[in-house]
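# Analysis of the macromolecular model
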Amino acid sequence: MAPALVWLTALMVVPCALVLALAFFRRGIYGGIDYTFTLENFGLVFDPLYAGIFLKSARIAGTATLIAVVIGYAAAYAIAAAPRRWQPVFLFFAVLPFWSNYLIRTYAWIVLLNREGLITQFLRWFGYTGEPPSMLYTEGAVIAGLVYNYLPFVILACYAPLSRLNPELAEASRDLGASAITTFRRVILPLTVPGIAAGAVFVFVLSIGNFVTPALLGGGRFQMIGNLVYDQFLTANDWPFGAALAMALIAIMLLVLMVQAIAANRASGQAAEAKGNADG
């Protein structure tokens, strides 16, 4: 484990420690850092202005997560239900967007959503002659970009437990008189909760700190916490406050990951207990 621990320490622990230390200093008069100890930066994080940006970022990330989980779970369920020989092909197409650069995938949405883009041309092809709809530089465009870019994570996370399900469980449920909906709700869904939770955490954590998608698809109108951190470091030249915002974002991510780990352990324990009771 030594090489992995050295790698993580050098490229994750040390940089985070440096950013944390930076948050306890003041901004210089002309920018830069004034090495005077202060806690003002962390106090500013809870200012209503910046707290509102945190809440808005969480709302956008939460909406993207919910949509991605619904679509991703349905796609993973369909792939797992397909014949075994076709499942690798469907998974290949699910992860195919990862073969292109993140920026290219985001710029593709600009081509789709702008007033003279492909969607507008498609509407006009069907006879639409009104004003082109405003789809780009909206909150909906940001959410669509986040869902599209992170959807493969949900599909892969949900496919893993779905593909390992014993088909005899569903058969036994149907033999006992349960409908398809009841079987899904009381048998399949509880056994795949860890995969759903893992996929949801992937999307939420990556979305709440994202700054590329809001900048490109939001046009700067919808500032998220990632954009705020970016601006503090590269525009306002207030590195200490940017570091405090970054540490607050990291704390939120760690909290979400901790909740997911606790929920996964609890679900695993319940599944093991249920299996033990069934074997007994």
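If you're wondering where the values come from, they're calculated on a predicted model, not measured in any experiment.

### Re the packing of aromatic side chains
Taken as a whole, this structure holds 17 aromatic pairs when the rule is applied. Both rings, one in Trp86 and one in Phe90, keep their centres 6.4 Å apart while their planes meet at 20°; by these two values the pair is stacked. Its relative accessible area of 41% is what places Trp86 among the partly exposed residues. Of the residues examined, Phe90 reaches a relative accessible area of 35% and is grouped as partly exposed. One aromatic cluster in this structure is built from Phe98, Tyr102, Tyr150, Phe153 and Phe202.

### Some words on the pattern of salt bridges
Opposite charge on two side chains makes pairing possible when the charged atoms of those side chains draw close. In the structure shown here, the tally under the stated rule is two salt bridges. Salt-bridge contacts for Glu40 lead to Arg26; the nearest nitrogen and oxygen are separated by 3.2 Å. Of this pair, Glu40 sits in helix H2 (residues 40-45) while Arg26 sits in strand E1 (residues 26-27); the two residues are 14 residues apart in sequence, bridging distant segments of the chain. For Arg59, the salt bridge is made with Glu139, and the minimal N-O distance between the two is 2.6 Å. Note that Arg59 is positioned in helix H3 (residues 48-81) and Glu139 in helix H7 (residues 139-163), a separation of 80 residues in sequence.

### Quick look at the layout of surface pockets
Of the voids in this model, the second largest pocket is the one considered here, and its volume is about 340 Å³. Around the second largest pocket, the lining comprises 16 residues; the ones closest to its centre are Ala80, Ala81, Leu162, Leu165 and Pro167. Of all the elements in the fold, those that place two or more residues in the lining of the second largest pocket are H3, H7, helix H8 (167-175) and helix H9 (180-191). Element by element, the count of residues in the lining of the second largest pocket is highest for H8, at four residues. Counted by class, the lining of the second largest pocket contains eleven nonpolar, three polar and two charged residues.

### As for unusual backbone geometry
Within the chain, Tyr137 stands out as a residue other than glycine whose phi angle is a positive 60°. Structurally, Tyr137 is set in the loop between helix H6 (118-125) and H7. Not every positive phi belongs to a glycine, and Asn237 is a case in point at roughly 55°. When you line up the elements, Asn237 lands in the loop between helix H12 (225-234) and helix H13 (239-279). Look at Asn237 and you get partly exposed, because its relative accessible area is 29%.

### Observations concerning the nonpolar core
Leu146 and Leu217 are the most contacted members of the largest nonpolar core, which totals 33 residues. When contributions to this core are tallied by element, the ones reaching two or more residues are H3, helix H4 (87-95), helix H5 (102-113), H7, helix H10 (193-208) and helix H11 (212-217). With twelve residues, H7 is the single largest residue contributor to this core. With sequence-adjacent residues up to four places away left out, Leu146 is seen in contact with Ile60, Ala64, Tyr102, Ser207, Asn210 and Thr213.

Parameters at a glance
- Residues numbered from 1 in each chain as written.
- Predicted model: local features only at pLDDT ≥ 70, side-chain atom pairs only at ≥ 80, totals over all residues.
- Heavy atoms only, no water.
- Phe/Tyr/Trp six-rings, centres within 6.5 Å; stacked < 30°, edge-to-face > 60°.
- Buried < 20%, exposed > 50% of the residue type's maximum accessible area, 1.4 Å probe, protein only.
- Salt bridge = Lys/Arg side-chain N within 4 Å of Asp/Glu carboxyl O.
- Helix = DSSP H or I, 4+ residues; strand = E, 2+ residues; numbered from the N terminus.
- 1 Å grid on protein atoms, 1.4 Å probe; cavity = no way out; pocket = protein on both sides within 12 Å on 5 of 7 lines; lining within 4 Å.
- Points joined across faces, edges and corners; volume = space filled by probe spheres on them.
- Nonpolar A, V, L, I, M, F, W, Y, C, P; charged D, E, K, R; others polar.
- Core = buried A, V, L, I, M, F, W, Y, C linked by side-chain atoms within 4.5 Å.
- Contact = heavy atoms within 4.5 Å.

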